[in-house]
Amino acid sequence: MLLVNTPDIPNKKIVETLGLVKGSTIRAKHIGKDIASGFRHLVGGEMKEYSEMLNEARQIATKHMVDEAVELGANAVVNVRYASSSVVQGAAEIMVYGTAVIYE
């Protein structure tokens, strides 16, 4: 499955637009890692536990979107966009969406 954040695929012809596809997940770290990040917040530095959590969440959300695109018969998703929001302290929702297409 080809994923691009542009409205078209360079040097390829989109022959059919199948519609909007999306994927989302809400992720949280367990309390131990949340406490460790809290200490790091006080002294500064990268909050690696949250970076890992968000990377995992993007991968899961992207898989959900790709699964939806495959169900439609797509071989690519164009205009891929990510959004995130805080749900509660220590948890975040990641959403990804784009347009499922068939290209030659």
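Bear in mind that the values here come from a model prediction, so they are computed numbers and not experimental data. (Residues numbered from 1 in each chain as written. Predicted model: local features only at pLDDT ≥ 70, side-chain atom pairs only at ≥ 80, totals over all residues. Heavy atoms only, no water.)

### Some points on the pairing of strand S4 (residues 91-103)
Strand direction decides the pairing type here: strand S2 (residues 14-28) and S4, joined by 13 bridges, are antiparallel. Counterpart to Gly 23 in the pairing with S4 is Val 96. Both strand S3 (residues 76-88) and S4 contribute to a ladder of ten bridges, which runs antiparallel. When the sheet's bridge partners are listed, Val 88 is paired in S4 with Ala 91. (Pairing = 2+ DSSP bridges. Helix = DSSP H or I, 4+ residues; strand = E, 2+ residues; numbered from the N terminus.)

### Some details on the pattern of salt bridges
In a structure, side chains of opposite charge can pair up when their charged atoms sit close to one another. Counted under the stated rule, the structure contains three salt bridges. The salt bridge involving Lys 22 is made with Glu 68; its shortest N-O contact spans 3.5 Å. Taken together, the residues Lys 22 in strand S2 and Glu 68 in helix H2 (residues 48-72) connect sequence positions 46 residues apart. Ionic pairing is found between Lys 63 and Asp 67, a salt bridge with its closest N-O pair at 2.9 Å. Of this pair, Lys 63 and Asp 67 both sit in helix H2, four residues apart, roughly one helical turn. (Salt bridge = Lys/Arg side-chain N within 4 Å of Asp/Glu carboxyl O.)

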